[in-house]
Amino acid sequence: MDELPPRLPGAPSVDLIQLTAPNPGPMTLEGTNTYVIRDGDQAWVVDPGPRDPEHLADVLLAMPRPGRPMGVLVTHHHADHAAGAATLARQLAARSGCEVPLWAADPALVHGARPVPSELTSDHGTVGHVVHLPGHTGDSIGVLLEGGRMLTGDTLLGGSSTVVVPDDGGVLAEYLQSLAILRAMALDGRIGSLHPGHGPQSSSPLDALTVIDEAIAHREERLEQVRRARTAGILTMDRLLRAVYGPDLPPEKEKAARWNIRAALDHLSPRT
Ligand SMILES: [Zn+2]
């Protein structure tokens, strides 16, 4: 990113509606948060979620009627965010008679997608800025709305820490850099609240900064634990897992823990 999006003054005039998909689990917490952004009769959907007919019907109900669907955007290609996206874009197009684009940062990873625009624009001007936030995956983005509401995808979660997924282009150094960008935006007043891909929102600037700071501290602590364990001669994945996460790691969290350790090992010994 060349420069931070401009400060967005004034009270929010754009509506943000959150709908949680019925896909709760250890990785998805209460379920995927789908967001509908409305500016008058124009609307966008961020992260339609899984291909669940009832959830997609709820999303359609949250759209303005009569209205103009402007686009469907996914914050990254993971199925819990993107699997329902093409279906929803088709449904919105059929209902409105307009073409409804599906956008992703890496269109090769999301069926039917085209490259994400840098801004969401309505008849009244800029509604939101797309911010590239690689780290959870290589194609992770966020959307900063008018008034400072930040849709974070899986870069930040409400009430839990996210995972860096090396198999999906996730890189710890990039994740830490994305967190530093979010921190800078929160510190100078560009971010007023966080609206994560899973879990509850952080609805004040101070809460948002606290969540970002905790995410940075947590990641650095884990990295230090892996570094210390390796220095102590613990070199196999299974032993690192026990050294860093303890003997009582729930089985359903083991996959994510292994990804995070692999990301830390890549960070400590980058391949050339
Ligand atoms: Zn994800």
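Residues numbered from 1 in each chain as written. Predicted model: local features only at pLDDT ≥ 70, side-chain atom pairs only at ≥ 80, totals over all residues. Heavy atoms only, no water.

Describing the coordination of the zinc ion
Reasoning step 1: With distances of 2.2 to 2.3 Å, the protein atoms coordinating the zinc ion are H76 (NE2), H78 (ND1), H136 (NE2) and D154 (OD).
Reasoning step 2: Metal-centred angles of 92 to 165° between the four donor atoms at the zinc ion mark the site as irregular. (Donors = N, O, S within 2.8 Å, 3.2 Å for Na, K, Ca; no water. Tetrahedral: all angles 85-135°; square planar, octahedral: opposite > 155°, others 65-115°.)

Observations regarding the layout of surface pockets
Reasoning step 1: By volume, the largest pocket amounts to about 490 Å³.
Reasoning step 2: P26, M27, S161, V163 and A256 are, among the 25 residues lining the largest pocket, the residues nearest its centre.
Reasoning step 3: At the level of elements, helix 5 (205-231) and helix 7 (254-268) are the ones that each hand at least two residues to the lining of the largest pocket.
Reasoning step 4: For the lining of the largest pocket, the leading source of residues is helix 7, giving five residues.
Reasoning step 5: Class assignment for the residues of the lining of the largest pocket results in 11 nonpolar, nine polar and five charged. (1 Å grid on protein atoms, 1.4 Å probe; cavity = no way out; pocket = protein on both sides within 12 Å on 5 of 7 lines; lining within 4 Å. Points joined across faces, edges and corners; volume = space filled by probe spheres on them. Helix = DSSP H or I, 4+ residues; strand = E, 2+ residues; numbered from the N terminus. Nonpolar A, V, L, I, M, F, W, Y, C, P; charged D, E, K, R; others polar.)

Describing empty space enclosed by the protein
Reasoning step 1: Applying the stated rule across the entire model yields one cavity of 30 Å³ or more.
Reasoning step 2: Here the largest cavity defines a volume of roughly 110 Å³.
Reasoning step 3: Lining the largest cavity are 13 residues, and of these R219, R222, L223, N260 and A264 sit closest to its centre.
Reasoning step 4: For the lining of the largest cavity, the element with the most residues is helix 5, which contributes five residues.

A closer look at the environment of R230
Reasoning step 1: The residue R230 is located in helix 5 in this model.
Reasoning step 2: Owing to a relative accessible area of 29%, R230 belongs among the partly exposed residues under this scheme.
Reasoning step 3: Taking the C-alpha atoms as reference points, R230 and L268, 38 residues apart in sequence, are found 9.8 Å from one another.
Reasoning step 4: Setting aside anything within four residues of it in sequence, one finds R230 in contact with L235, L240, L265, L268 and S269. (Buried < 20%, exposed > 50% of the residue type's maximum accessible area, 1.4 Å probe, protein only. Contact = heavy atoms within 4.5 Å.)

A short note on the pattern of salt bridges
Reasoning step 1: With the rule as written, the count across this model stands at 10 salt bridges.
Reasoning step 2: Here R227 ties to E224 by a salt bridge, and the two come within 2.6 Å at their closest N and O atoms. Highlighted residues: R227 and E224, both in helix 5, separated by three residues, approximately one helical turn.
Reasoning step 3: R258 is the partner of D238 in a salt bridge, and the nearest nitrogen-oxygen pair spans 2.8 Å. Placement of the pair is D238 in helix 6 (residues 237-245) and R258 in helix 7, with a sequence separation of 20 residues.
Reasoning step 4: A single network of salt bridges, built from pairs that share partners, joins D41, R68 and D123. (Salt bridge = Lys/Arg side-chain N within 4 Å of Asp/Glu carboxyl O.)

Brief notes about the pairing of strand 8 (residues 125-132)
Reasoning step 1: Bridge count between strand 7 (residues 119-122) and strand 8: four bridges; the pairing is antiparallel. Within strand 8, the position partnered with T121 by the bridge is T126.
Reasoning step 2: Hairpin connection between strand 7 and strand 8: a loop of two residues separates the two successive antiparallel strands.
Reasoning step 3: Of the strand pairs in this sheet, strand 8 and strand 9 (residues 141-145) are connected by five bridges, and their pairing is antiparallel. Its bridge partner lying in strand 9, H129 is registered against L144. (Pairing = 2+ DSSP bridges.)

Some remarks on the packing of aromatic side chains
Reasoning step 1: Going through the model one piece at a time under the given rule, you end up with zero aromatic pairs.
Reasoning step 2: The ring of Y245 is capped by R222, whose NZ or CZ atom sits 4.2 Å from the centre of that ring. (Phe/Tyr/Trp six-rings, centres within 6.5 Å; stacked < 30°, edge-to-face > 60°. Lys NZ or Arg CZ within 6 Å of the ring centre and 35° of its normal.)

All quantities given are derived from atomic positions and should not be read as evidence of function.
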